[in-house]
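Observations on the three-dimensional arrangement
The lines below spell out each chain.
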Amino acid sequence: MANETRLEYDSLPAVTPSYLRAATTLSGGLSGGETIPPIVAELPDLEVRAEELAKYRKVCGFQHGPHLPVTYPHVLAFPMHMAVLTHKRFPLKLLGLIHLRNDITQYRAIETAEKLHIEVSVGGHREVAKGVEFDLVTRVRDRAGELIWQEDSVMLSRQKTNVPKSAKKKRDDGLGFEPDEQTTWDVPENIGRRYASAAGDYNPIHLSPWSAKLFGFPRAIATGMWTKARAAAELEPKLEKSAYTLSLGFKKPVFLPSQARFAYSLHEQGADFALTNANGDIVHLLGDVRYL
């Protein structure tokens, strides 16, 4: 692709330089006619480290088994996400980006001993009323080059655009499905730090009340990808197939500590699920599983 920047790695890049670049980037935005240039990061033959996988399973609630948790390739690719989003050609400020939606497609279960080829890419944008949206795409292939896993993350950078605000939608108190099962999650105050230790995601809004307040939050909030992984851990043993798309939209943050209610319904096509507060009147996330 013309004007494409390629980052090629023999091993996962260190995340500390990316955090330093993020912390020292004081401004960012797109001017008229500008877009996010194509940036691609690539790493072949990545091996999973058993001790790191075990730590992730424990903090997210996954059972031990011969295959990777469906959300774990996100963690493997995270250092590359950081490298792409803090690259000098990436025009937006990393700190303050909002994760709106995350769709993961697992084409087959991935064995823990497999060597994986990971590619992360970004480029282009969409203007919306609240700012600029873009897609961060992660693809995982096996040694034969077959695509076995893909993640599409929709991110938002708040800034002024010419897109008019739409009329406020009337509040819908329903989840869009009738739950068959519900469980209660105790979400502890330290879950952000525990997830960071397992996944490398040290975003300050998840770590402590004082660091979260620097970004306008009254308390720390749970990491969105931890809530998705925790939901996947609860659903995985109940799913009938290993090839599926796991999609969700992040709605309202989960403040720490708190209790949350996980509700779901299993059916022939997969499952529908939601995470709400303990009273059920605040929706934190809505998602579904659809078999391929």
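Quick caveat, the model's predicted, so the values are computed rather than measured. (Residues numbered from 1 in each chain as written. Predicted model: local features only at pLDDT ≥ 70, side-chain atom pairs only at ≥ 80, totals over all residues. Heavy atoms only, no water.)

With that out of the way, let us pick up the packing of helix 2 (residues 50-60) against helix 4 (residues 191-199). Taken N-terminus to C-terminus, the directions of helix 2 and helix 4 make an angle of 160 degrees; their axes are 9 Å apart at the nearest point. As the angle between them shows, helix 2 and helix 4 are arranged roughly antiparallel. Relative to helix 4, helix 2 is oriented so that their crossing is left-handed. Residues K55, Y56, K58, V59 and C60 of helix 2 form the contact with helix 4, whose participating residues are I191, R194, Y195, S197 and A198. (Axes fitted to C-alpha atoms, helices over the stretch in contact; angles between N-to-C directions. Helix = DSSP H or I, 4+ residues; strand = E, 2+ residues; numbered from the N terminus. Parallel < 35°, antiparallel > 145°, perpendicular 65-115°, else oblique. Left-handed = near helix turned anticlockwise from the far one by under 90°. Contact = heavy atoms within 4.5 Å.)

Moving on: the side chain of R57. Mapped onto the elements, R57 comes out in helix 2. Among buried Asp, Glu, Lys and Arg side chains, R57 stands out as unpaired, with E236 the closest opposite charge at 7.5 Å. In this structure the side chain of R57 is engaged in a polar contact, spanning 2.9 Å, whose partner is the backbone oxygen of G65. Apart from residues no more than four positions distant in its own chain, R57 is found in contact with F62, Q63, H64, G65, H67, P69 and T112. (Buried < 20%, exposed > 50% of the residue type's maximum accessible area, 1.4 Å probe, protein only. Lys, Arg positive; Asp, Glu negative; His and termini not counted. Salt bridge = Lys/Arg side-chain N within 4 Å of Asp/Glu carboxyl O. Polar contact = N/O pair within 3.5 Å; in protein donor to acceptor, adjacent residues only side chain to side chain.)

Enumeration over the complete set of coordinates arrives at 15 salt bridges. For E8, the salt bridge goes to R6, with nearest N and O atoms at 3.8 Å. According to the relative accessible area criterion, R6 is partly exposed, its value standing at 37%.

Turning to the packing of helix 2 against helix 6 (residues 224-235), a few remarks are in order. Axis separation between helix 2 and helix 6 bottoms out at 9 Å; the angle between their running directions is 85 degrees. Compared by their axis directions, helix 2 and helix 6 come out roughly perpendicular. Counting all contacts with helix 2, which are made through Y56, V59 and C60, the residues of helix 6 involved are W226, A229, R230 and A233. Its residues assigned to classes, the contact of helix 2 with helix 6 shows six nonpolar, no polar and one charged. (Nonpolar A, V, L, I, M, F, W, Y, C, P; charged D, E, K, R; others polar.)

Let's shift gears to the pairing of strand 12 (residues 283-291). Sheet topology note: the strand 9 (residues 244-250)/strand 12 ladder contains seven bridges and is antiparallel. Following the sheet pairing, L248 is matched in strand 12 by G287. Looking at chain direction, strand 11 (residues 270-277) and strand 12 are connected through seven bridges and run antiparallel. Counterpart to F273 in the pairing with strand 12 is G287. Two successive antiparallel strands, strand 11 and strand 12, enclose a turn made up of five residues, where G280 displays a positive phi of approximately 80 degrees. (Pairing = 2+ DSSP bridges.)

Under the definition given, this model contains nine aromatic pairs. Measuring from ring centre to ring centre gives 6.0 Å for Y56 and F62, while their planes differ by 15 degrees; the resulting arrangement is stacked. On the basis of an interplanar angle of 65 degrees and a centroid distance of 5.5 Å, the ring pair of F90 and F134 is categorised as edge-to-face. In this pair, F90 is assigned in the loop between helix 3 (72-85) and strand 3 (98-106) and F134 in strand 6 (residues 131-141), connecting sequence segments 44 residues apart. For F134, a relative accessible area of 1% translates into the label buried. Site record: aromatic cluster; members linked through ring pairs are W185, W226, F262, Y264 and F273. When the ring centre of W185 is taken as reference, the NZ or CZ atom of R230 above it lies at 4.9 Å. (Phe/Tyr/Trp six-rings, centres within 6.5 Å; stacked < 30°, edge-to-face > 60°. Lys NZ or Arg CZ within 6 Å of the ring centre and 35° of its normal.)

Turning our eyes to something else, we now look at the environment of P164. Here P164 lies in the loop between strand 7 (147-158) and strand 8 (181-187). Separated by 35 residues in sequence, P164 and A129 have C-alpha atoms that sit 5.6 Å apart.

The next thing to look at is a positive patch on the surface. Residues K130, R158, K165, K168 and K252 make up a contiguous surface patch of positive charge. Assessed through its relative accessible area of 74%, K165 is described here as exposed. (Patch = residues over 30% accessible without salt bridge, like charges linked within 9 Å, V, L, I, M, F, W, Y side chains within 5 Å. Areas by Shrake-Rupley, 256 points an atom, 1.4 Å probe, with all protein chains shown as cover. Charge placed at Lys NZ, Arg CZ, Asp CG, Glu CD.)

Bringing empty space enclosed by the protein into the picture now. Inspection of the entire model under this criterion finds one cavity of 30 Å³ or more. One number sums up the size of the largest cavity: a volume of about 30 Å³. Of all the secondary structure elements, the ones that give two or more residues to the lining of the largest cavity are helix 6 and strand 9. Counted by class, the lining of the largest cavity contains seven nonpolar, no polar and one charged residues. (1 Å grid on protein atoms, 1.4 Å probe; cavity = no way out; pocket = protein on both sides within 12 Å on 5 of 7 lines; lining within 4 Å. Points joined across faces, edges and corners; volume = space filled by probe spheres on them.)

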